[in-house]
Amino acid sequence: MKIMAVNAGSSSLKFKLIEMPSEKVIVKGLFESISKKNTEENFTSKYKIGNDECNVPIRTHTEAVKILLDYLIDKKIIKSYDEIDGVGHRIVQGGKYFDKSEVITKDVEAKIEELCLLAPLHNPAHLDGIRAFQNISKNIVNVAVFDTAFHQTMAPDTYMYALPYEWYEKYGVRKYGAHGTSHKYVAYKCAEVMKRPIEDLKIITCHIGNGASISAVKGGKCVDTSMGLTPLEGIPMGTRSGNIDPAVLEYMNQIDPEKYTIKELLRILNRESGYLGVSCCSNDSREIEANLDKNPLCNLALDIQYKRIADYIGSYYVHMGGADAIVFTAGIGENSSRLRREVLKRVAVLGVELDEEVNNKVRGEIAEITKPSSPIKAFLIPTEEELMIARDVYEIIKK
Ligand code: AMP
């Protein structure tokens, strides 16, 4: 069975075609700069499928999907469009409606559309991706895999904000979290690596990439996560501020009401804060780490994040009544030995004994980075969000 895992952004479409149940990746790729502004003569769009790269005008996600499927036929990877048994679409916001993946019906599509208000940058783009596959073939089963689904097991005292209750009842203001597919994958993989039943484990998962969030997973269920109503809450990230005092917004608005409108302030909190805002240098951890000797603000940007990650780990340790393991994943968690070392140093009091030598050596592969004597284990576990998407689609189609 061939399953396609798709992550559609506003101007991009990333995919992985996976053979199931063997979980072998057949081909992967990316379409970039999809835009109605692209013309035959003047365009910035391009794609990479496997090792082939091509600059062509691509105006819509439907055009991208057609190019992709025709490429697969051309390369004899499939004989017809219908050979794709299912497509799993990553959906950032599933709100309170979805605690698991669902086949995309008219009703599911309407709910994803309704939730655009909560994820204005993501859900409309996901709908473009869904409709592109619907336009190309009526026979492909489309499945929605929600980033928020894994977090639906949080208790009310955790997902509620101490705000007027009416805001929750009428407008759905609460914590939904994000990166759920990744947190679930690495937590379950951690149990496998530890050779212990997930039901017996308390795991703190740190997904640290350009976007970053932390989850507390007890007995295989999410009991807390750092992102909130939107991905802005939690720890500082590449360009997002993470938690701040909300009064900062009014304060800055008073300083210059014309410049600092709510919309502009939220744009700055989402796009010009975090590593980028503090370091005045970059949102990319590689560049920040490379400039540590030259620019003290790069040090500060990282230290602020490390401290906040440690704060969350401490809080989740208390919330779960202990922890068996801390897992690092995503671009920075998998590649930066510095981040792992500095975070674990800050939570050493809980009983984490880092093996510096192993930590310095490993990158992008499963590894235990604490000493055998360490009461709390720490692991590097590369995330596999696309594989999780493919597994969900496979299970749904099998049924
Ligand atoms: P993600 O959002 O998971 O793709 O992660 C993006 C982040 O991972 C960026 O800040 C990258 O700088 C970081 N990253 C990727 N590769 C490396 C690496 N080899 N060393 C340090 N950071 C890396």
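Residues numbered from 1 in each chain as written. Predicted model: local features only at pLDDT ≥ 70, side-chain atom pairs only at ≥ 80, totals over all residues. Heavy atoms only, no water.

### Considerations on the nonpolar core
Ile204, Cys206, Ile309, Ile326, Leu339 and Leu344 are the most contacted members of the largest nonpolar core, which has 39 residues in total. Looking at this core, the elements with two or more residues in it are strand 9 (202–208), strand 10 (212–218), helix 11 (296–320), strand 12 (325–329), helix 13 (337–346) and strand 14 (377–380). No other element matches helix 11, which puts 10 residues into this core. If we ignore the near neighbours within four places in the chain, the residues touching Leu344 are Ile326, Phe328, Val352, Leu354, Ile369 and Ala378. Core analysis: the second largest hydrophobic core is formed by 26 residues, Leu13, Phe15, Ala132 and Ile140 among them. (Core = buried A, V, L, I, M, F, W, Y, C linked by side-chain atoms within 4.5 Å. Buried < 20%, exposed > 50% of the residue type's maximum accessible area, 1.4 Å probe, protein only. Helix = DSSP H or I, 4+ residues; strand = E, 2+ residues; numbered from the N terminus. Contact = heavy atoms within 4.5 Å.)

### Digging into the site of the ligand
Taken together, Gly209, Asn210, Asp284, Ser285, Arg286, Ala330, Gly331, Ile332, Asn335 and Arg363 make up all the residues around the ligand. For the ligand, an oxygen atom lies 3.2 Å from a polar atom in the side chain of Arg286. Here an oxygen atom of the ligand and a backbone polar atom of Ile332 are 3.4 Å apart. Those elements giving two or more residues to the shell around the ligand turn out to be helix 10 (285–290) and helix 12 (330–335). Looking at the shell around the ligand, its residues break down into two nonpolar, five polar and three charged. (Near = heavy atom within 4 Å. Polar contact = N/O pair within 3.5 Å; in protein donor to acceptor, adjacent residues only side chain to side chain. Nonpolar A, V, L, I, M, F, W, Y, C, P; charged D, E, K, R; others polar.)

### Points about the packing of aromatic side chains
The full count for this structure, using the stated rule, is six aromatic pairs. Aromatic pair Phe31 and Tyr47: ring centres 5.3 Å apart, planes at 35°, arrangement tilted. In this pair, Phe31 sits in strand 3 (residues 24–32) while Tyr47 sits in strand 4 (residues 46–49), placing the two residues 16 residues apart along the sequence. Neither Phe31 nor Tyr47 differs from the other in exposure class; each is buried. Here Tyr97 and Phe98 contribute two aromatic rings whose centre-to-centre distance is 6.2 Å and whose plane-to-plane angle is 70°, an arrangement assigned as edge-to-face. Exposure remark for Tyr97: the relative accessible area of 30% places this residue in the partly exposed category. A residue is classified by how much of its surface remains accessible, and Phe98, at 5% relative accessible area, is buried. Members of the aromatic cluster, connected to one another through ring pairs, are Tyr97, Phe98 and Phe146. Stacked on the ring of Tyr97, the Lys or Arg Lys111 has its end atom at 5.2 Å from the ring centre. (Phe/Tyr/Trp six-rings, centres within 6.5 Å; stacked < 30°, edge-to-face > 60°. Lys NZ or Arg CZ within 6 Å of the ring centre and 35° of its normal.)

### Here's the deal with the packing of helix 7 (residues 247–255) against helix 8 (residues 262–271)
It is at 10 Å that the axes of helix 7 and helix 8 come closest, and there the two elements cross at 125°. By the angle between their directions, the pair helix 7 and helix 8 is classed as oblique. The handedness of the crossing between helix 7 and helix 8 is right-handed. Only Leu265, Leu266 and Leu269 of helix 8 make contact with helix 7, whose side of the interface consists of Leu249, Met252 and Asn253. Within the contact of helix 7 with helix 8, the residues separate by chemical class into five nonpolar, one polar and no charged. (Axes fitted to C-alpha atoms, helices over the stretch in contact; angles between N-to-C directions. Parallel < 35°, antiparallel > 145°, perpendicular 65-115°, else oblique. Left-handed = near helix turned anticlockwise from the far one by under 90°.)

### So, the layout of surface pockets
Quantified by volume, the second largest pocket comes out at close to 510 Å³. Around the second largest pocket sit 21 residues that line it, and Asp99, Lys100, Ser101, Lys184 and Asp392 are the ones nearest its centre. Residue assignment for the lining of the second largest pocket shows that the elements contributing at least two residues are strand 8 (141–146), helix 6 (180–194), strand 11 (221–225) and helix 15 (385–398). Of the residues that constitute the lining of the second largest pocket, the class distribution is eight nonpolar, six polar and seven charged. (1 Å grid on protein atoms, 1.4 Å probe; cavity = no way out; pocket = protein on both sides within 12 Å on 5 of 7 lines; lining within 4 Å. Points joined across faces, edges and corners; volume = space filled by probe spheres on them.)

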